[in-house]
Amino acid sequence: MEYRKDDIITLRIDDMGTDGEGIGKAGGFTFFVKDAVIGDTVEAKVMKVKKGYAYARLVRIVEPSPNRTEPRCPYHRQCGGCQIQALDYAAQLAFKEHKVRNNLNRIGGFSMELLDRVMEPIVGMKEPFYYRNKAQFPVGADKNGEPVTGFYAGRTHAIIPNTDCALGVKENKMILEILLGYMKKYKVAPYDEETGEGLIRHILIRKGFTSGEIMVCIILNGEKLPQEERLVEQLRSVKGMTSISISINRDNTNVIMGKECRTIWGRDTISDVIHVRSIGDINAGRDIVSGSSDDEGISFAISPMSFYQVNPVQTEKLYSIALDYAELTGTETVWDLYCGIGTISLFMAKRAKQVYGVEVVGQAVADARKNAARNNIENARFYVGKAEEVLPVLYEEEGIYADVICVDPPRKGCDAACLETIVKMAPRRIVYVSCDSATLARDLKYLCANGYELRRCRAADLFSQTVHVEMVVLLTYTVHQ
Ligand code: SAH
């Protein structure tokens with residue numbers, strides 16, 4: 001059957017794509033319908049026809065999916081943040097498990113039978129809202145030139161004014177309102193991406209969930225805030241305010257932060273404590289941040305520039321799984337690649353002989369070293385540089401060795417040179433923590449073609465309401481078994 005732009009079709013949505021779009025079939029065609037969820041029957045308008053598939057826009061829900069739920073945020077359809085807020089939470093978790101399995105099967109080449117055997121059930125949240133400890137809000141102007149802040153509409157740079165995001169902490173609203181009030185009162189102009197003029201670009205807010213400490217960093221297209229003390233005076237009245245800084249970014253880019261930060265009030269960092277628990281506790285669904293823990297925890301100092309996992313409740317579960325998979329007994333040499341501020345490294349150091357961390361951001365490594373000292377951990381050493389550059393050089397020149405290698409790369413996964421060196425080092429176990437199951441599957445395929453076997457894997461939901469999912473995988477070297 002032929003379809004043309006503007007045709008209206010009726011479809012049953014029986015699958016969802018990796019970005020959360022509804023997928024349905026009609027007349028031998030596959031349709032992608034944004035905002036439709038699995039189980040819906042919808043009327044949709046054809047927007048763009050390609051060979052064998054087409055994009056359509058949701059016009060009307062003829063029969064809602066039994067998994068549809070009332071979204072909490074009125075902006076969820078416009079905003080690019082929560083792609084699957086209209087799906088109930090159990091269905092969100094099922095969607096994520098399905099997505100991960102599909103990627104491991106299609107891209108990684110692992111059979112469904114193997115996956116049935118090695119995949120453990122996804123670790124979900126008890127309260128899948130208000131979980132983020134960090135938010136970065138763009139600042140701009142509305143039609144009348146008044147300053148606004150909120151979120152970019154999906155795939156654009158148009159700001160939807162919203163100071164009350166359903167994923168963030170309640171203090172965000174108060175802080176954003178103080179900033180907007182200050183901008184209006186002192187006529188401080190928001191940055192304009194088109195002209196490169198105006199001062200305030202973004203505001204970053206972070207909260208330590210266990211410490212209650214709050215950090216605000218204002219990103220400027222300029223050196224200084226006018227009447228800075230007025231803004232500081234108001235911000236410091238927010239309960240928990242610990243650190244206020246500015247970051248200068250004069251470049252016309254999508255990169256949010258400038259190269260450096262200058263503290264204008266309070267401390268340079270905030271602190272947070274992470275605990276890990278036994279897998280039994282994780283399986284029983286016990287949350288750690290909110291409750292007590294047998295583990296005394298590790299305390300971290302976090303600066304505005306460093307990477308720090310955004311969902312503390314689930315991070316503890318993620319790290320607990322990674323530690324369980326590493327099976328450390330106290331005698332091992334461990335390499336933690338892409339180590340950030342040394343979070344995973346320091347937990348491993350408490351259970352291993354020696355840990356080496358590698359991380360490309362210098363500030364994060366400086367934080368990692370301070371964090372080790374702060375927790376009296378002496379068997380962790382950190383290197384600044386790209387894993388794919390540092391590891392091969394150390395291997396060639398110093399013949400470094402590992403019993404266990406942990407990797408936790410950004411979305412693009414591990415670089416080929418990094419994977420090649422890991423294979424040469426031939427650690428008994430590889431623990432792969434991933435935030436992108438497609439690149440994970442690609443990397444696992446390589447490792448499993450070079451002597452490793454997929455033994456365990458488990459997804460954890462660190463990003464409820466969105467399509468993102470975190471994974472932990474254990475590979476073992478077949479020769480050692
Ligand atoms: N394991 C840490 C950080 C994971 S995020 C945690 O759980 O908190 C990924 C980290 O990899 C970031 O800190 C990022 O700065 C770093 N990174 C990105 N590319 C890298 C590379 N090529 N080599 C080393 N580190 C890199």
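Residues numbered from 1 in each chain as written. Predicted model: local features only at pLDDT ≥ 70, side-chain atom pairs only at ≥ 80, totals over all residues. Heavy atoms only, no water.

### Comments concerning the packing of aromatic side chains
Two aromatic rings, taken as a pair, are described by how far apart their centres are and by the angle between their planes. On inspection of all chains with the given rule, the structure shows 15 aromatic pairs. Taking 5.8 Å as the distance between ring centres and 35 degrees as the angle between the ring planes, the aromatic pair formed by Phe-29 and Phe-31 counts as tilted. By the burial criterion, Phe-29 is buried, and Phe-31 matches it. Their ring planes at 25 degrees and their centres at 4.7 Å tell us that Trp-335 and Tyr-356 sit as a pair that is stacked. On the criterion of sequence distance, the pair formed by Trp-335 in strand 16 (residues 333-337) and Tyr-356 in strand 17 (residues 354-359) is long-range, its members being 21 residues apart. An aromatic cluster of at least three residues, connected via ring pairs, comprises Tyr-3, Phe-29 and Phe-31. Directly above the ring of Tyr-191 sits Arg-201, whose terminal nitrogen or CZ lies 4.2 Å from the centroid. (Phe/Tyr/Trp six-rings, centres within 6.5 Å; stacked < 30°, edge-to-face > 60°. Buried < 20%, exposed > 50% of the residue type's maximum accessible area, 1.4 Å probe, protein only. Helix = DSSP H or I, 4+ residues; strand = E, 2+ residues; numbered from the N terminus. Lys NZ or Arg CZ within 6 Å of the ring centre and 35° of its normal.)

### A look at the domain arrangement of the protein
Entries for the protein in the domain assignment read domain 1 (8-68), domain 2 (69-131 + 311-481) and domain 3 (134-272). Each of domain 1 and domain 2 has a C-alpha centre, and the two are 33 Å apart. For the pair domain 1 and domain 2, the summed buried surface comes to about 1000 Å²; carbon and sulfur atoms form 54% of the total. At the boundary of domain 1 and domain 2, one finds one salt bridge. Of the charged contacts in the structure, one is a salt bridge between Arg-77 and Asp-35, with a shortest N-O distance of 3.1 Å. At the junction of domain 1 with domain 2, the criterion picks out four residue pairs in polar contact (both at pLDDT 80 or more). Partitioning the side of domain 1 that touches domain 2 into residue classes produces five nonpolar, four polar and five charged. (Domains from an automatic or database assignment. Buried area = accessible area lost by both parts, 1.4 Å probe. Salt bridge = Lys/Arg side-chain N within 4 Å of Asp/Glu carboxyl O. Polar contact = N/O pair within 3.5 Å; in protein donor to acceptor, adjacent residues only side chain to side chain. Nonpolar A, V, L, I, M, F, W, Y, C, P; charged D, E, K, R; others polar.)

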